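A closer look at the structure
Chain residues, written in single-letter form:
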Amino acid sequence: MISVGLFNYWACMVLMMIGLYTAIARPNLIKKLIGLSIFQVSVFLLYISIGKVSGGTAPILAEGIVVYSNPLPHVLILTAIVVGIATLSLGLALVVRIGEAYDTIEEDKIIEQDLVND
Amino acid sequence: MTEIIDIVLLSFMIVLAIAVSRMQNLFMAAMMMGIFSFLSAIVFTLLDAVDVAFTEAAVGAGVSTVLLLGTLSLTTREEKVAQKNNALALLVVLITGSALIYGTLDMPNYGDPNAPAHKHVADRYIEKSGEEMEIPNIVTSVLASYRGYDTLGEVTVIFTAGIGVILLLGHIWRKEGKQ
């Protein structure tokens, strides 16, 4: 029997940091939003990992089952997934608009154009 | 057995995330994000969160891939700037990451039934929601009834985002209508 211990949380932290790095280091705006999505998924995984009870089952009431996993994180994350898609769609719409106005979606080129216009 | 599957899937997700982060072709990155979301849906199923799993499979892998592809068709498919490593960003990320991992050392082990998270209101939902709501799925009864206002707020957020997208991109459709 292999014990997972804290591995789940560590994997979440590593994923979170990959997402954060992509969001701050990559100049491409779509890439930044993809990094944000990776970050979001890692937060979801962290919450759901906390809600797991060993030997438990999915929180759907059935006869003969005593141990259920914690349903509360599941509810919170359901809400968070849908809010996440809302923010992603709004961010992508902004990227399209920026692409039309500046003819590029690379952050450094946008800043260059801004400096020239000033 | 599920522990091994859990570890393998999470490692695969990390590899995939690194690949997405390094990829220059945005079309491929969008596709890889779809795979990433499906993998996370499988992990959610392993962690007993079936409702979260199918929402992630439908919304995370389906809708967000479609949104990304739509954006790519309106902008560009290639990331133009050549790969350059950002030392400052890497430093910030490493410090934040090690602080977070240091924080997890105090957390209860994975699956610990005595973890503080399971000792508060969750027990009440599990014991009482069956007779109070007469819905077998506890997640549904909490989402739609005990925390109904949360869900109402969520609908407000989606509505606001929808209005924002229409305001930002509406001129594209108007232009097409005139032609």
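For the structure, check the block above.
Let us look at the structure shown here. (Residues numbered from 1 in each chain as written. Chains lettered and ligands numbered in written order. Predicted model: local features only at pLDDT ≥ 70, side-chain atom pairs only at ≥ 80, totals over all residues. Heavy atoms only, no water.)

**Here we look at the overall build of chain A**
- Within chain A, the regular secondary structure consists of four helices and zero strands.
- For a compact globule of 118 residues, the expected C-alpha radius of gyration is about 13 Å, and chain A comes in at 20 Å, more than 25% above that figure.
- Each of the three principal axes of chain A carries a C-alpha extent, and together these read 70 × 30 × 15 Å.
- Within chain A, the fraction of its 118 residues that count as buried is 59%.
- Long-range pairs, those at least 24 residues apart, make up 47% of the contacts in chain A between residues at least 6 apart in sequence.
- Per element, the accessible surface of chain A, about 4700 Å² overall, is 65% carbon and sulfur.
- The averaged location of the 9 negative side-chain charges in chain A is 9 Å from the averaged location of its 6 positive side-chain charges. (Helix = DSSP H or I, 4+ residues; strand = E, 2+ residues; numbered from the N terminus. Rg over C-alpha atoms; globule rule 2.2 N^0.38 Å. Buried < 20%, exposed > 50% of the residue type's maximum accessible area, 1.4 Å probe, protein only. Contact = heavy atoms within 4.5 Å. Areas by Shrake-Rupley, 256 points an atom, 1.4 Å probe, with all protein chains shown as cover. Lys, Arg positive; Asp, Glu negative; His and termini not counted. Charge placed at Lys NZ, Arg CZ, Asp CG, Glu CD.)

**As for the side chain of aspartate 48 of chain B**
- If you trace the backbone, aspartate 48 of chain B turns up in the loop between α2 (26-46) and α3 (50-74).
- A polar atom in the side chain of aspartate 48 of chain B sits 2.7 Å from the side chain of serine 69 of chain A. (Polar contact = N/O pair within 3.5 Å; in protein donor to acceptor, adjacent residues only side chain to side chain.)

**Considerations on the pattern of salt bridges**
- Summed over all chains, the structure comprises five salt bridges over all chains.
- With a closest N to O distance of 3.0 Å, aspartate 48 of chain B and lysine 52 of chain A form a salt bridge. Taken together, the positions of aspartate 48 of chain B in the loop between α2 and α3 and lysine 52 of chain A in the loop between α2 (29-51) and α3 (71-102) put the pair across two chains. The pair aspartate 48 of chain B / lysine 52 of chain A is uniform in exposure class, with both members buried. (Salt bridge = Lys/Arg side-chain N within 4 Å of Asp/Glu carboxyl O.)

**Let's talk about the interface of chain A and chain B**
- Listed as interface residues are 75 residues of chain A and, on the opposing side, 92 residues of chain B.
- Across the chain A to chain B interface the summed buried area is about 7600 Å²; carbon plus sulfur atoms make up 77%.
- For the pair chain A and chain B, the interface holds 17 residue pairs in polar contact (both at pLDDT 80 or more).
- Mapped onto the side of chain A that touches chain B, the elements with two or more residues apiece are α1 (7-25), α2, α3 and α4 (107-117) of chain A.
- Residue composition of the side of chain A that touches chain B, by class: 52 nonpolar, 15 polar and eight charged. (Buried area = accessible area lost by both parts, 1.4 Å probe. Nonpolar A, V, L, I, M, F, W, Y, C, P; charged D, E, K, R; others polar.)

**A closer look at a nonpolar patch on the surface**
- A grouping of Ile24 of chain A together with Leu88, Leu91, Val92 and Ile95 of chain B is seen on the molecular surface, where their side chains present a nonpolar patch of about 470 Å² in accessible area.
- In terms of residues, the nonpolar patch owes the most to one element, helix α4 (residues 87-104) of chain B, which gives four residues.
- One can find isoleucine 24 of chain A in helix α1. (Patch = residues over 30% accessible without salt bridge, like charges linked within 9 Å, V, L, I, M, F, W, Y side chains within 5 Å.)

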